[in-house]
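Residues per chain are reported as follows:
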Amino acid sequence: MELLKNIAIWFGLSILMMILWVVGLMLGNMVFPSNLMEMETDSDGTAGFIFFLVSALNAGIILKLIYKARYTGWKLAGLVFLVSFGIQYFMSQIETIWFNDSLGLPGNGIATIVLGGAFTLVAFTAIAILITGKFKSEPDKSNNTPGLRFSVKKILLLSAVIWPLIYFAFGYFVAWQFEEVRLLYSGKTEMDSFMEIMKGNFQSGLYLFQILRGFLWVFIGILVLRMARGSRISKSILLGLLFTILGSSGLLLPNPIMPEMVRMAHLLETSTSSFIWGFIISWTLWQPAQGTAMVDNTTE
């Protein structure tokens, strides 16, 4: 019965996510009028099903984070919103701004997406926590302080070395292998060498920009590590799935700024690299404080 109840909650929240997503975009477009809602996409007859699938994936992973959280009430709501909004909207849209010369998304369109996303996630998070009963339940006091220490050296290594390495490696050896991607971002279809591409990335400042994004990714990861109960492996998988689903599942949806092959290339690139990146952050930063090695061993 408990399983059926959880499935019913997930299904209901998936429908809610769809509704709030549409309402959020409409509200965002009212505040920042743009032609975003009118732009044509490469959509086909399966768009409705894909929209439900993406909503179900997003609702499911946020629900999982809520269930695994050691906190309750408004503290939980604030942290869940910060994590989900950071991954799904903030991190993606600052990159959209960087590449917008190629993408051509109107400024008001970006503002519409961000504001609409904020509304969607504020409403969804509050309702999901209310439905799961975690507004009224007691926090997990037995596991209230996750004796974790985060090494500054490890954070610097992750942000300035490992993240750029993952980002540029997957960008080149996965996405850049598609002719449509090269044409969109460079205006040509010729395949330059990896070293030539990296030289351009340093000169344009993209490498420094990715270091900044690396620090932000690690910050989000630390929030999840502190709020979620579980073993080292379960937290690593959770963070990988959060990065992958919230950060990449939207690419399943047809959109007006990316041709289909470009979307698919980025979906393949980001869904794989994001999981690996999230897993590495958690696995690397996991360092129980002395005398607390077993305190975080629950896998619930």
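Thresholds applied
Residues numbered from 1 in each chain as written. Predicted model: local features only at pLDDT ≥ 70, side-chain atom pairs only at ≥ 80, totals over all residues. Heavy atoms only, no water. Helix = DSSP H or I, 4+ residues; strand = E, 2+ residues; numbered from the N terminus. Buried < 20%, exposed > 50% of the residue type's maximum accessible area, 1.4 Å probe, protein only. Contact = heavy atoms within 4.5 Å. Areas by Shrake-Rupley, 256 points an atom, 1.4 Å probe, with all protein chains shown as cover. Phe/Tyr/Trp six-rings, centres within 6.5 Å; stacked < 30°, edge-to-face > 60°. Lys NZ or Arg CZ within 6 Å of the ring centre and 35° of its normal. Core = buried A, V, L, I, M, F, W, Y, C linked by side-chain atoms within 4.5 Å. Patch = residues over 30% accessible without salt bridge, like charges linked within 9 Å, V, L, I, M, F, W, Y side chains within 5 Å. Salt bridge = Lys/Arg side-chain N within 4 Å of Asp/Glu carboxyl O. Expected span 1.5 Å × (residues − 1). 1 Å grid on protein atoms, 1.4 Å probe; cavity = no way out; pocket = protein on both sides within 12 Å on 5 of 7 lines; lining within 4 Å. Points joined across faces, edges and corners; volume = space filled by probe spheres on them. Nonpolar A, V, L, I, M, F, W, Y, C, P; charged D, E, K, R; others polar. Axes fitted to C-alpha atoms, helices over the stretch in contact; angles between N-to-C directions. Parallel < 35°, antiparallel > 145°, perpendicular 65-115°, else oblique. Left-handed = near helix turned anticlockwise from the far one by under 90°.

When you go through the chain residue by residue, the secondary structure sums to eleven helices and zero strands. Sequence-ordered secondary structure for the chain, helices as α and strands as β, is α-α-α-α-α-α-α-α-α-α-α. Every one of the 300 residues in the chain was classed for burial, and the buried ones make up 48%. By sequence separation, contacts in the chain at least 24 residues apart represent 84% of the contacts at least 6 residues apart. For the chain, the computed accessible surface area is about 14400 Å², with 69% contributed by carbon and sulfur atoms.

One pass over the structure, following the stated rule, counts 19 aromatic pairs. Between tryptophan 98 and phenylalanine 209, the aromatic rings sit 4.7 Å apart at their centres with planes inclined by 10 degrees, giving stacked as the arrangement. In this pair, tryptophan 98 sits in helix α3 (residues 73-98) while phenylalanine 209 sits in helix α9 (residues 206-227), placing the two residues 111 residues apart along the sequence. When its relative accessible area of 35% is taken as the criterion, tryptophan 98 is described as partly exposed. Since its relative accessible area comes to 12%, phenylalanine 209 is described here as buried. Measuring from ring centre to ring centre gives 4.6 Å for phenylalanine 202 and tyrosine 207, while their planes differ by 20 degrees; the resulting arrangement is stacked. A connected cluster of aromatic rings, assembled from ring pairs, spans Trp163, Tyr167, Phe168, Phe202, Tyr207, Trp217, Phe243 and Trp277. Over the aromatic face of tyrosine 71 sits the side chain of lysine 75, whose NZ or CZ is 4.1 Å from the ring centroid. The positively charged end of arginine 232 is found above the aromatic ring belonging to tryptophan 283, 4.0 Å away from the centroid.

In this section: the nonpolar core. A general trend in soluble globular proteins is that nonpolar side chains are found buried together. One finds Ile62, Phe124, Trp217, Met227, Trp277 and Leu285 to be the most contacted residues of the largest nonpolar core, which totals 80 residues. Contributing elements (two or more residues each) for this core: α1 (2-31), α2 (47-68), α3, α5 (107-132), α6 (152-173), α9, α10 (232-248) and α11 (260-285). Sort the elements by how many residues they give to this core and α9 lands first, with twelve residues.

Here we take up a nonpolar patch on the surface. A cluster of nonpolar residues, Phe11, Ile15, Ile19, Val23, Leu27, Met30, Val31, Phe32, Leu115 and Phe119, forms a patch on the protein surface that exposes about 850 Å² of accessible area. At seven residues, the largest contribution of residues to the nonpolar patch is made by α1. Mapped onto the elements of the fold, phenylalanine 11 is located in helix α1.

Moving on: the environment of phenylalanine 51. As for its placement among the helices and strands, phenylalanine 51 is situated in helix α2. Along the chain, phenylalanine 51 and leucine 252 lie 201 residues apart, while their C-alpha atoms are 8.3 Å from each other. Beyond its immediate stretch of four places on either side in the chain, phenylalanine 51 contacts Met18, Trp21, Val22 and Leu253.

Let us look at α1. For α1, with 30 residues, the first-to-last C-alpha span of 42 Å sits near the 44 Å given by 1.5 Å per residue. Residues of α1 that are buried in the fold lie against α2, α3 and α5.

Next up on the list: the pattern of salt bridges. Under the counting rule described, the total for this entry stands at two salt bridges. The shortest N-O distance in the salt bridge between arginine 213 and glutamate 95 comes to 3.5 Å. Of the two residues, arginine 213 is situated in helix α9 and glutamate 95 in helix α3; the sequence distance between them amounts to 118 residues. Of the two residues examined, arginine 213 and glutamate 95, each falls in the buried class. Put simply, lysine 188 and aspartate 192 hold a salt bridge, and the shortest N to O gap is 3.2 Å. Given the relative accessible area of 27%, aspartate 192 is considered partly exposed.

Our next topic: the layout of surface pockets. Roughly 270 Å³ of volume is contained in the second largest pocket. If you trace the second largest pocket, you find eleven residues lining it, with Asn6, Gly60, Leu63, Lys64 and Tyr67 closest to the centre. Of all the secondary structure elements, the ones that give two or more residues to the lining of the second largest pocket are α1 and α2. Ranked by the residues each element gives to the lining of the second largest pocket, the list is headed by α2, at six residues. Partitioned by chemical class, the residues of the lining of the second largest pocket number five nonpolar, two polar and four charged.

Checked against the element boundaries, valine 114 lands in helix α5. Not counting the four nearest positions on each side in its chain, valine 114 is found in contact with Phe85 and Gln93.

Geometry of a packed helix pair, given as the angle between the helix axes and the separation of the axes. Relative to each other, α1 and α5 sit at 150 degrees, their axes nearing to 7 Å. Classified by the angle between their axes, α1 and α5 sit roughly antiparallel to one another. The interaxial crossing formed by α1 with α5 has right-handed handedness. Residue composition of the contact of α1 with α5, by class: 18 nonpolar, six polar and no charged.

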